[in-house]
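Summary of the model geometry
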Amino acid sequence: MGQPPGGFPPGPPPQPGQPPQMYGQPYGLPEAQGATPAMVLGIVSVCLMPIGCCCWFLELLAIPLGVVAIFMGVNARNRVNASQGTLGGGGKATAAIVTGGIAAVLGAIILVLGLVFTGLNASGVLQNLIPSPTP
């Protein structure tokens, strides 16, 4: 009762000579350059983490992707902050920094552990640590 079919309450009457006011902007703010690609790189690098746990050499791909996502995310975040509210994409840039950081740190840890265990296995130390079953 009293509301138009769109569900929005009626706005104030327009001033003479001016167009009627709309509720918000029809489109969002333009996005800072590099925000979406940085977020995608961060997500891809995090998604490579479970695969890298099984095949530790794939961390050689996840770590650089994470580092690139961090740098691109920081650059996009700086553009958003410098634009004084005229650019969007700050959330995507933050997501790129977080996911890229997680992938780079965990990737480095998994890579080091993989290299350590490969070296221990090759030297025969692991066979000496695990007792062989005696019949």
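Structure's up top.
Quick caveat, the model's predicted, so the values are computed rather than measured. (Residues numbered from 1 in each chain as written. Predicted model: local features only at pLDDT ≥ 70, side-chain atom pairs only at ≥ 80, totals over all residues. Heavy atoms only, no water.)

Concerning the overall build of the chain
Along the chain, the regular secondary structure elements total four helices and zero strands. Helices (α) and strands (β) of the chain occur, in sequence order from the N terminus, as α-α-α-α. Across the 135 residues in the chain, those meeting the buried criterion constitute 26%. Long-range contacts, defined here as pairs at least 24 residues apart, represent 66% of the contacts in the chain between residues at least 6 apart. When the accessible surface of the chain is summed, it comes to about 9,400 Å², and 72% of that surface belongs to carbon and sulfur atoms. (Helix = DSSP H or I, 4+ residues; strand = E, 2+ residues; numbered from the N terminus. Buried < 20%, exposed > 50% of the residue type's maximum accessible area, 1.4 Å probe, protein only. Contact = heavy atoms within 4.5 Å. Areas by Shrake-Rupley, 256 points an atom, 1.4 Å probe, with all protein chains shown as cover.)

Here we look at the side chain of serine 83
Structurally, the position occupied by serine 83 is in the loop between helix 2 (59-82) and helix 3 (90-123). On the basis of relative accessibility, which here comes to 14%, the residue serine 83 falls in the buried class. From its side chain, serine 83 meets the backbone oxygen of valine 80 in a polar contact 2.8 Å long. (Polar contact = N/O pair within 3.5 Å; in protein donor to acceptor, adjacent residues only side chain to side chain.)

A word on helix 2
For helix 2, spanning 24 residues, the distance from its first C-alpha to its last is 34 Å, which sits close to the expected 34 Å at 1.5 Å a residue. Looking at helix 2, one finds that the buried residues are Glu59, Ala62, Ile63, Leu65, Gly66, Ala69, Gly73, Ala76 and Val80. Positive backbone phi, at 55 degrees, marks glutamine 84, one or two positions downstream of helix 2. (Expected span 1.5 Å × (residues − 1).)

Here we look at the side chain of serine 45
Following the sequence through the fold, serine 45 ends up in helix 1 (residues 35-54). In terms of polar contacts, serine 45 uses its side chain to reach the backbone carbonyl oxygen of glycine 42, at 2.7 Å.

Focus on the nonpolar core
Counting six residues, the largest nonpolar core is built from Leu48, Met49, Ala62, Leu65, Ala103 and Ile110. Mapped by element, the contributors of at least two residues to this core are helix 1, helix 2 and helix 3. Beyond its immediate chain neighbours, meaning those up to four positions away, leucine 48 contacts Glu59, Leu61, Ala62 and Leu65. (Core = buried A, V, L, I, M, F, W, Y, C linked by side-chain atoms within 4.5 Å.)

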